[in-house]
Amino acid sequence: MKLEQITVRHIKMPMKAPFTTSFGTIDEKEFLLIEARDQSGTVGWGEAVAFVAPWYTEETLKTTWHMLEDFLIPILLHKEIGHPDEVSALFSSIRRNCMAKASIEGAVWDIYAQQTKQSLAQALGGDKERIEVGVSVGIQSSTEALIDLLKAHVIKGYKRVKVKIKPDHDVEVIRAIRAEMPDLPLMVDANSAYTLNDMDVLQQLDVFNLLMIEQPLAVDDIVDHAKLQRKLKTSICLDESITSYEDARKAIELGSCGVINIKIGRVGGLTEARRIHDLCKENNIPVWCGGMLEAGIGRAHNIALTSLTNFVLPGDTAGSSHYWYEDIITPEVIVEDGYIRVPQTAGIGYTPNRKVIDELTISKKVYQ
Ligand SMILES: O=C(O)CCC(=O)c1ccccc1C(=O)O
Ligand SMILES: [Mg+2]
């Protein structure tokens, strides 16, 4: 394929409920949508998942647009691409900026899947027919409100829940949840809010039979996580710390984690995500697919990735209606009994809804 035209749209989507982490609250999601067209007219879509502010990792909506416009789009436009795996090699002269790279690489994967008449899942080598779904719950106004919400999610069939913690919003909250829901498949995510000075609190969390503790320590750390993992029986799951295959290899070698959360954007695309999946499989490290509060395009890519065999733990890719009044794809992503069916039709298996996309577009630019 040769990309002839790339359209970047800045989308703003109201959220049904605000999402609060240790760093703040998001109540509307702004992101970039990438539409790429090749010389034969096939159109592929990608979503740049970076937030407006750099609280999760260093990338932002504006840095992803800058990288796309000034570096990544000029590299790909009018270049012959045989297979999407070539995109990461073409981007190898550009350091990091993983979410920017992943957004356009995702569109190339979509075009490739359509042209080879496979679903994106099949193109990646995934064979699950359906995937297990969990849900991530932000910090709530009170523990009672949180527990009510968790109960509602269990009734809806979600296979596990993840609760956000931060200093002074941790042990007592989890104790209260466990008192009412002792068997709930439960995990916590700290988004890097602790240090080894908090060993005492982190060890107290070890008694609650949690599935895992996600990213307790610094975003760029794997050394202290290894020290912490040696003191805990609960698996540490790394999120922010793993931005590449090399990061994953080193973390596994050091014993920094027992589980890895793979996010396509955080690791620079589907090709790198699949390499990390394969590495973890060889090393008996279970993985699951994390979320970035994606709209439908990003959600579709997550579903395809999760169809690979070593995604053995439920991910954060919940249904469209959990986040959005109206998603940007048809059909929307639907969860039934805690499962999402992996689409079998060519490409991502969902159709972008141009009417909704146009309504939500704040600005757009066409590159050709
Ligand atoms: O529901 C989702 O898409 C994931 C929710 C979530 O936990 C999250 C949301 C925004 C940024 C980081 C994270 C995270 O996994 O740490
Ligand atoms: Mg996380």
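Presented here is a report on the structure given in the accompanying data block. As the structure is a computational prediction, the values presented were derived from the model and not from experiment. (Residues numbered from 1 in each chain as written. Chains lettered and ligands numbered in written order. Predicted model: local features only at pLDDT ≥ 70, side-chain atom pairs only at ≥ 80, totals over all residues. Heavy atoms only, no water.)

## Section: the sheet that holds strand β7 (residues 186-189)
Through backbone hydrogen bonds, the strands of a sheet pair up, either in parallel or in antiparallel fashion. A sheet is described by the order of its strands in space; here 7 strands give the open sequence β5-β6-β7-β8-β9-β10-β11, paired in parallel fashion. Pairing within the sheet leaves two strands with one partner each, and these edge strands are β5 (135-137) and β11 (287-289). The sheet contact formed by strand β8 (residues 213-214) and strand β9 (residues 236-238) spans 2 bridges and is parallel. Of the residues in β9, the one forming a bridge with Glu214 is Cys237. Packed on one face of the sheet, helix α6 (residues 171-180) meets β6 (161-164) and β7 and runs near 165 degrees to β7. (Pairing = 2+ DSSP bridges. Helix = DSSP H or I, 4+ residues; strand = E, 2+ residues; numbered from the N terminus. Contact = heavy atoms within 4.5 Å. Axes fitted to C-alpha atoms, helices over the stretch in contact; angles between N-to-C directions.)

## Regarding the packing of aromatic side chains
Inspection of every chain in the model, using the stated rule, returns 4 aromatic pairs. Taking 5.1 Å as the distance between ring centres and 20 degrees as the angle between the ring planes, the aromatic pair formed by Phe51 and Trp55 counts as stacked. Residue classification places Phe51 among the buried positions, given a relative accessible area of 7%. Residue classification places Trp55 among the partly exposed residues on the basis of a relative accessible area of 23%. Summarising the aromatic geometry, the rings of Tyr323 and Trp324 are spaced 6.1 Å apart at their centres and angled 35 degrees between planes, so their arrangement reads as tilted. Across the pair, Trp324 and Tyr323 agree in class, each one buried. When the ring centre of Trp288 is taken as reference, the NZ or CZ atom of Arg160 above it lies at 4.8 Å. (Phe/Tyr/Trp six-rings, centres within 6.5 Å; stacked < 30°, edge-to-face > 60°. Buried < 20%, exposed > 50% of the residue type's maximum accessible area, 1.4 Å probe, protein only. Lys NZ or Arg CZ within 6 Å of the ring centre and 35° of its normal.)

## Considerations on the site of ligand 1
The environment of ligand 1 is formed by 17 residues, the closest being Ser136, Lys164, Asn191, Leu293 and Tyr323. Between ligand 1 and Lys164, the relevant distance is 2.9 Å, taken from an oxygen atom to a side-chain nitrogen or oxygen of the residue. Bound to the protein, ligand 1 loses 100% of the 390 Å² it would expose on its own. Along the lines of polarity and charge, the residues of the shell around ligand 1 split into 7 nonpolar, 3 polar and 7 charged. (Near = heavy atom within 4 Å. Polar contact = N/O pair within 3.5 Å; in protein donor to acceptor, adjacent residues only side chain to side chain. Areas by Shrake-Rupley, 256 points an atom, 1.4 Å probe, with all protein chains shown as cover. Nonpolar A, V, L, I, M, F, W, Y, C, P; charged D, E, K, R; others polar.)

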